[in-house]
Every structure is written in C-alpha cells, then in structure tokens.
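Chain by chain, the residues run as shown.
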Amino acid sequence: MKESEIKFKVSLDDENIPDKIEWDADEKEKRGYSETKSISVSLWDSEQKNTLRIDLWTKDMPLDEMKRFYIDCLGGIGQTLLNATGDQYMSNQINGLCDRLVAHVKKEAN
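Given the structure is predicted, the values throughout are model-derived calculations rather than measurements. In every chain, residue numbers begin from 1 and rise along the written sequence. Local features in this predicted model are restricted to residues whose pLDDT is 70 or higher, and side-chain atom pairs enter the listing and the counts only when it is 80 or higher, whereas totals over whole chains, interfaces and linings include all residues. Each side-chain value is derived from all of the structure's non-hydrogen atoms; neither hydrogens nor water enter the calculation.

Asker: Looking at this model, I keep getting lost on the state of the cysteines. Mind explaining?
Answerer: Each disulfide consists of one covalent bond between the sulfur atoms belonging to two cysteines. The rule for a disulfide is simple: a pair of cysteine sulfur atoms within 2.5 Å. All told, the structure shown has zero disulfides when counted by the stated rule. For the unlinked cysteine cysteine 73, the closest cysteine sulfur is that of cysteine 98, found at 9.6 Å. Burial classification: accessible surface area is computed with a 1.4 Å probe over protein chains only, and a residue below 20% of its type maximum counts as buried, one above 50% as exposed, and the rest as partly exposed. When its relative accessible area of 26% is taken as the criterion, cysteine 73 is described as partly exposed. Overall, cysteine 98 belongs to the buried group, its relative accessible area being 8%.

Asker: Explain a nonpolar patch on the surface to me, please; I cannot follow it from the model alone.
Answerer: Exposure above 30% relative accessible area and no salt bridge define the residues that can form patches, which grow by joining like charges within 9 Å and nonpolar side chains of Val, Leu, Ile, Met, Phe, Trp and Tyr within 5 Å. Here the open area of atoms and residues is found with the Shrake-Rupley method and a 1.4 Å probe, where only the protein chains shown may cover a residue. Between Lys or Arg on one side and Asp or Glu on the other, a salt bridge is scored when a side-chain nitrogen of the former is within 4 Å of a carboxyl oxygen of the latter. Together, Ile6, Phe8, Val10 and Leu12 make up a nonpolar patch on the protein surface, roughly 360 Å² of accessible area in all. Among the structural elements, leucine 12 can be located in strand S1 (residues 6-12). Numbering of helices and strands runs from the N terminus, with a helix taken as a DSSP run of H or I at least four residues long and a strand as a DSSP run of E at least two residues long.

Asker: What exactly am I supposed to notice about the sheet that holds strand S2 (residues 18-25) here?
Answerer: The strands that make up a sheet are held in pairs by hydrogen bonds between backbone atoms, and each pair lies either parallel or antiparallel. In spatial order, the strands read S1-S2-S3; together these three strands make up an open sheet with antiparallel pairing. With partners counted over all chains shown, the strands left at the sheet margins are S1 and strand S3 (34-36), one partner each. Neighbouring strand axes in the sheet, compared pairwise and without regard to direction, differ in orientation by 30 degrees on average. Strand pairing follows a simple DSSP-based rule, namely that at least 2 bridges must link the two strands. Bridge count between S2 and S3: three bridges; the pairing is antiparallel. Within S3, the residue paired with tryptophan 23 across the bridge is serine 34. To obtain an axis, a line is fitted to C-alpha atoms, over the contacting stretch when the element is a helix, and the angle between two such axes runs from 0 to 180 degrees between their N-to-C directions.

Asker: Where do I start with the pattern of salt bridges in this structure?
Answerer: Pairing of side chains with opposite charge becomes possible as their charged atoms draw close. A full pass over the atoms with the stated rule returns eleven salt bridges. A salt bridge links arginine 53 to aspartate 55, with the nearest nitrogen and oxygen atoms 2.6 Å apart. What makes arginine 53 partly exposed here is its relative accessible area of 48%. A salt bridge links lysine 67 to glutamate 108; the nearest nitrogen and oxygen atoms lie 2.6 Å apart.

Asker: Help me out: how do you make sense of the packing of aromatic side chains in this one?
Answerer: Each aromatic ring pair is specified by the distance between its two centres and by the angle formed by the two planes. Note on ring pairs: Phe, Tyr and Trp rings are taken, using the six-membered ring of Trp, and paired if centres are within 6.5 Å. Classes follow the plane angle, with under 30 degrees stacked, over 60 edge-to-face and the rest tilted. Counted by the stated rule, this structure contains one aromatic pair. Charge-over-ring placement is defined geometrically: NZ (Lys) or CZ (Arg) within 6 Å of the ring centre, and within 35 degrees of the ring normal. Over the ring of tyrosine 33 we find lysine 9, and its NZ or CZ is 4.3 Å from the ring centre. The ring centre of tryptophan 23 lies 4.7 Å from the NZ or CZ of lysine 28, which sits over that ring.

Below is the structure:
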C-alpha cells in the first residue's frame, strides 16, 4: 500500500498566536517546507458522526486574502461534493454562495 505524509510546522509568538506556518508533503512538486499564511483542515470522525477542524492563520495574513481563502475553500468543497456524490443541487448552492461572497468582497474593496 502506498503512503503519503503531509506535515505542518507552526511557530507561535509569546501569546501563542501563529507567527509562521510551513507545510510539506511527500508528493509536493517543490521539495522542502513552504510557507503559508493559513491552513484549514477538516476531518470526519465516523464514530462521533461529526467534523473536527483545525483552522490556523498567521497574524500578518491580510483580511482580503483571508476572505478569498475561505471563498476558495467553499468552492473546492462544492466541486469535491459533486465529484464524490454527484449531487448537482448541493454543488450549485455552494457555488451560488461563493458567487455572492465574491460580489460582496468586490463591493467592500470599492
């Protein structure tokens, strides 16, 4: 069986706020740790029937990038849901929400 490992390193400041986040993966094209400003990892606990989440971002991540990051996450969830279940309705609803959020962020920027 093939295995692949994904690693995260989080450096915290004196108040335990992420100062630097780095990640690496066995199958990543560029070898070695790469810096990122935010991560969002969701895990399904099949025993408890709920989702466990890890959301971290550095204190210097710009607000507009944080909003775009979460819009992109939602869009990816919509596509994954469609691929995994074939549920076009749910995928379309998520994509519609993303479109409304993009319009909101663009309006905010003006």
